Amino acid sequence: MEALVMAGGKGTRMAGLNVEKPMIEIGGMCAVGRVIKALRGARMVDEILVAVSPNTPSTEIYLNRLGIKTVKTSGEDYVGDLHKSFSKLRGDYVLGLPSDIPLIKSRTIDYFIEYFNRNKNDSVVAIIEEDTVIEAGFKPSYSFEMNGKRWVISGMSIMNRKRLLDDEVLSCDYFVLNQIDLAINVNTQRELEVADLFLR
């Protein structure tokens, strides 16, 4: 399956560090580098593309040195960036991840893809129990209620590429993945400190 990493956002909550968000160092490696390493180790991922933008020129240079393909997007409109990136891919389905889940593991990615391959929907989204995220030391920016519990969207999903490009409404399923590597989403300096502690 093809994988798309979104790494073109402004990262305004990390502005005080004076470094592009995907390039923030966590445990001796930049965040986007950790996501790429996990994708390269996933046996069910056969191609990687990273969406960059004028907000992340150093990220683009870093990825090019790694031999990773990139697509230049505006970095202003997530949906527009997604459409442009999907137009550069070929597969029926695309695994999408943000660059700010640096503890993601290859086995978690494979497990998620295996679940989707048995699924009947156009898309599937990995979700985590809100309590798991809070216990890890993170404050979810958004959660929703389902089946009597509150859930957090991890940022990892698989989508029908062609139907999305045609602006069709995708049927969606949620897959519960309570792994700590998905719960750690680094958006603030405090969350960066927590992620560093987990890696140590």
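Here, the structure is the one placed above.
Since this is a predicted model, take the numbers as computed values, not measurements.

Definitions and limits used
- Residues numbered from 1 in each chain as written.
- Predicted model: local features only at pLDDT ≥ 70, side-chain atom pairs only at ≥ 80, totals over all residues.
- Heavy atoms only, no water.
- Core = buried A, V, L, I, M, F, W, Y, C linked by side-chain atoms within 4.5 Å.
- Buried < 20%, exposed > 50% of the residue type's maximum accessible area, 1.4 Å probe, protein only.
- Helix = DSSP H or I, 4+ residues; strand = E, 2+ residues; numbered from the N terminus.
- 1 Å grid on protein atoms, 1.4 Å probe; cavity = no way out; pocket = protein on both sides within 12 Å on 5 of 7 lines; lining within 4 Å.
- Points joined across faces, edges and corners; volume = space filled by probe spheres on them.
- Nonpolar A, V, L, I, M, F, W, Y, C, P; charged D, E, K, R; others polar.
- Pairing = 2+ DSSP bridges.

Caption draft 1: Structural context of the nonpolar core. By size, the foremost hydrophobic cluster in this structure holds 49 residues, and its most contacted members are Leu-39, Leu-95, Ile-109 and Met-156. Element by element, the count of residues in this core is highest for helix H1 (residues 31–41), at 6 residues. Core analysis: the next-biggest nonpolar cluster, separate from the first, contains 11 residues, Leu-4, Met-6, Leu-49 and Met-159 among them.

Caption draft 2: Spotlight on the layout of surface pockets. Here the largest pocket is characterised by a volume of approximately 1,200 Å³. Only helix H3 (78–86), strand E6 (93–98), strand E7 (123–129), strand E9 (149–160) and helix H7 (180–183) provide two or more residues apiece to the lining of the largest pocket. Among the elements that take part in the lining of the largest pocket, E9 stands out by supplying 6 residues, more than any other. Looking at the lining of the largest pocket, its residues break down into 21 nonpolar, 17 polar and 11 charged.

Caption draft 3: How the structure looks around the pairing of E7. Burial of E7 is extensive: 6 of the 7 residues sit out of reach of the surface. The sheet contact formed by E7 and E9 spans 6 bridges and is antiparallel. Paired with Ile-127 across the strands is Ile-153, a residue of E9. Pairing of E7 with strand E10 (residues 172–176), which is carried by 5 bridges, proceeds in the parallel orientation. When the sheet's bridge partners are listed, Ala-126 is paired in E10 with Phe-175.

Caption draft 4: Quick peek at unusual backbone geometry. Its identity is not glycine, yet Asn-147 carries a phi of approximately 55 degrees, on the positive side. Looking at the secondary structure, you find Asn-147 in the loop between strand E8 (144–146) and E9. Residue class for Asn-147 comes out exposed when judged on its relative accessible area of 75%. We note that Asp-167 has phi near 60 degrees; this positive angle belongs to a residue other than glycine. Tracing the backbone through its elements, the reader meets Asp-167 in the loop between helix H6 (161–165) and E10.

By themselves, these are just geometric observations and shouldn't be taken as functional.
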